[in-house]
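Overview (structure and organization)
What follows is each chain in one-letter form.
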Amino acid sequence: MADFDAIIVGSGCAGPMAAFELASRGKSVLVIERGNYCGAKNMSGGRLYTHPLREVFPNFASDAPLERRITHERISLMAPDANFTIDYTDQHMADPNHESHAVLRGRLDQWLATQAQDAGAEYINGIAVESLIKQGGRVAGVRAGEDEISAEVVLLCDGANSLLASQAVGTDPPSPAAMAVGIKEVIQLDPSVIQDRFHCGPGEGAAWLFVGDPTHGTTGGGFLYTNQDTLSVGLVATISDLMAAEVPIYQMLEDFKHHPALAPVLAGGTVVEHSGHMVAEGGYSAMPPLAADGVMLAGESALMVINAGYTVRGMDFALAAGTQAGRCATAALDAGDTSLAGLAGYRQALEDSFVLRDLKTLRRFPHFMENTPRMFNAYPQMVRDAMRAVFLLDGEPVKPLRKSLPPLAKKVGYLNLLRDALGGIRAL
Amino acid sequence: MKPITVNVDEYLALNRYQVDEQNAHIELAADPSPTEFAKLIRVCPAGLYRLDSAGQRSFDYAGCLECGTCRVACGSTIIAKWTNPAPSMGVEYRYG
Ligand SMILES: Cc1cc2nc3c(=O)[nH]c(=O)nc-3n(C[C@H](O)[C@H](O)[C@H](O)COP(=O)(O)OP(=O)(O)OC[C@H]3O[C@@H](n4cnc5c(N)ncnc54)[C@H](O)[C@@H]3O)c2cc1C
Ligand code: SF4
């Protein structure tokens, strides 16, 4: 007999959801989380689409630590000396099926873990699993410190920097082109100041993504999310591209905060935390197998993320994949077969859900981003120049736009423009 | 590389850490290749890989954010060891 029915490694987004499902159905579950409390090691942008939470916890909104409901979607093309923003707001954003919230992981993850604990999952915090126990090719438990603990099935929910996924399913560690590094600062501001600056009411706020100057033209982008009494401001940059950048990422963040379009938004704020975390970028094609004998991967350990420029999604996938992994592991335990064949229903469940459907739909996007450097180093400037032609007057006779715009497109190259436009359409 | 104007240490000082003085959870290879080291200078969000004005290279794991970026960037070249910090050690995000 194994020590536990299931061991779950990591309690970020995927882990507690899986633990909740298993424990609610009477399975013995041990969750091992390396943070002294859940969330202690975690950072994301972040905006959470809450529908996967609602499915399992219909009343989550009354007690989960959500920061602000997103009522403004902003996208900016940022040139070094100019910024062009689209701001979208819509009554439908308040619809429970569509709604999304800014979250802070130091708080959210503790709440998620509490739901799993209340359902009966056992937790060990402050210890990292170092390796997997394998018996005859099959994962049979984990090693943590001096201890060896066995289980019928092990669920790896250990996130983007998983040191265990390659042991479990035999894949190579992700390449620098398939991963990005995120850097973020949390900046404290009075709630009423946040509301004024973002044109929103109490409890409401904005998700704002930037492309171009934030990463000094390398692949990636800037982000800003409004929390209750703080702003989350940061960057995500593809590691392979960043390696040759003109400045380090922490200098990019400092420059971003001082950009003339952003500085007034942050003015008077106090930085209270500086964090870093990786995020997967390779999309569907970079994903490893989701299971092997005695083991399953859920969330970012399996690189389940979409970074589509206008939005970053990983938490919603991780929550939903954790739930499905927990349900499927329960069924496999009931059937007495946690081999790869016994766990096959997991992949199928994800294929049927938005998780693998969305990842598949946007599978071309990472390749498009990687091959469209103009998105980061030319188009923000092109749009700036077009706006200058439209808005900047100085008493000289205006040139008709049909004369002033074509040279701007010519600078980038008509063929490049066409190719990138078509590429973008195909990728989306 | 363009000049660095920010003092990242001031930001790291705002974070909460349980620093493990006994064990380095990340170790560099002896005499690391300068080209590889230059990558780490750019990618580490804590700015722990440094080149001073005298051309001296240094690395201090104490401010590590445990993101794993250096491992992904140079795990097959000059990062000789990358493990999670010992039990209960390392960074503790209050916001995250
Ligand atoms: C800068 C940035 C911005 C992002 N923005 C967004 C956003 O706006 N919206 C969105 O949906 N997603 C966003 N993401 C992605 C999202 O944060 C992740 O996809 C999501 O957190 C993945 O959840 P997870 O449960 O798989 O992993 P995690 O949440 O990372 O949880 C993994 C857990 O495992 C623990 N762990 C790791 N190894 C071990 C071990 N060996 N032993 C024990 N415990 C271990 C960790 O401490 C952690 O608690 C962003 C990510 C970054 C970095
Ligand atoms: S893990 Fe991240 S923060 Fe720590 S040294 Fe490596 S790159 Fe820097």
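Residues numbered from 1 in each chain as written. Chains lettered and ligands numbered in written order. Predicted model: local features only at pLDDT ≥ 70, side-chain atom pairs only at ≥ 80, totals over all residues. Heavy atoms only, no water.

**What to know about the domain arrangement of chain A**
Residues and elements named next belong to chain A. Per the domain assignment, the segments making up chain A are domain 1 (4–42 + 50–55 + 105–174 + 282–361), domain 2 (178–280) and domain 3 (369–427). A C-alpha centroid distance of 25 Å is found between domain 2 and domain 3. Taken residue by residue, the interface counts six residues in domain 2 and five residues in domain 3. At the boundary of domain 2 with domain 3, total buried surface from both sides reaches about 440 Å², with 71% on carbon and sulfur atoms. Taken together, the connections running from domain 2 to domain 3 amount to zero salt bridges. Its residues assigned to classes, the side of domain 2 that touches domain 3 comprises one nonpolar, five polar and no charged. (Domains from an automatic or database assignment. Contact = heavy atoms within 4.5 Å. Buried area = accessible area lost by both parts, 1.4 Å probe. Salt bridge = Lys/Arg side-chain N within 4 Å of Asp/Glu carboxyl O. Nonpolar A, V, L, I, M, F, W, Y, C, P; charged D, E, K, R; others polar.)

**Regarding helix α16 (residues 401–412) of chain A**
Residue and element names in this part refer to chain A. With 12 residues, α16 should reach 16 Å at 1.5 Å per residue; the first-to-last C-alpha distance of 17 Å fits that figure. Within α16, the full set of buried residues consists of Ser404, Leu408, Ala409 and Val412. Down the axis of α16, the buried set is contained in an arc of 135 degrees. They therefore lie on one face. In α16, the exposed residues that point more than 90 degrees away from the buried face are Arg402, Lys403 and Lys410. (Helix = DSSP H or I, 4+ residues; strand = E, 2+ residues; numbered from the N terminus. Expected span 1.5 Å × (residues − 1). Buried < 20%, exposed > 50% of the residue type's maximum accessible area, 1.4 Å probe, protein only. Arc of directions from axis to C-beta.)

**Examining the site of ligand 1**
The environment of ligand 1 is made up of 40 residues, and the closest members are Ala14(A), Glu33(A), Arg47(A), Arg105(A) and Glu300(A). Neighbouring residues of ligand 1 are distributed over chains A and B. In this structure, an oxygen atom belonging to ligand 1 sits 3.5 Å away from a main-chain N or O atom of Cys157(A). Val312(A) is positioned with one of its backbone polar atoms (N or O) 3.0 Å from a nitrogen atom of ligand 1. Here ligand 1 has 1,000 Å² of accessible area as a free molecule, and 98% of this is covered by the chains. Looking at side-chain class alone, the shell around ligand 1 contains 18 nonpolar, 13 polar and nine charged residues. Taken together, domain 1 (4–42 + 50–55 + 105–174 + 282–361) and domain 2 (178–280) of chain A each give at least three residues to the shell around ligand 1, which thus spans both. (Near = heavy atom within 4 Å. Polar contact = N/O pair within 3.5 Å; in protein donor to acceptor, adjacent residues only side chain to side chain. Areas by Shrake-Rupley, 256 points an atom, 1.4 Å probe, with all protein chains shown as cover.)

**Let's talk about the site of ligand 2**
Near ligand 2 there are 14 residues, and of these Cys44(B), Cys64(B), Leu65(B), Cys67(B) and Cys70(B) occur at the shortest range. Broken down by class, the residue content of the shell around ligand 2 amounts to 11 nonpolar, two polar and one charged.

**Some details on the packing of aromatic side chains**
Residue and element names in this part refer to chain A. What the rule picks out here adds up to 10 aromatic pairs over all chains. Ring geometry for phenylalanine 57 and tryptophan 111: centres 5.6 Å apart, planes at 80 degrees, overall edge-to-face. In this pair, phenylalanine 57 is assigned in the loop between α2 (51–56) and α3 (60–63) and tryptophan 111 in helix α4 (residues 105–118), connecting sequence segments 54 residues apart. One exposure class covers both phenylalanine 57 and tryptophan 111, and it is buried. Taken together, Phe198, Trp208, Phe210 and Phe256 form an aromatic cluster joined through their ring pairs. (Phe/Tyr/Trp six-rings, centres within 6.5 Å; stacked < 30°, edge-to-face > 60°.)

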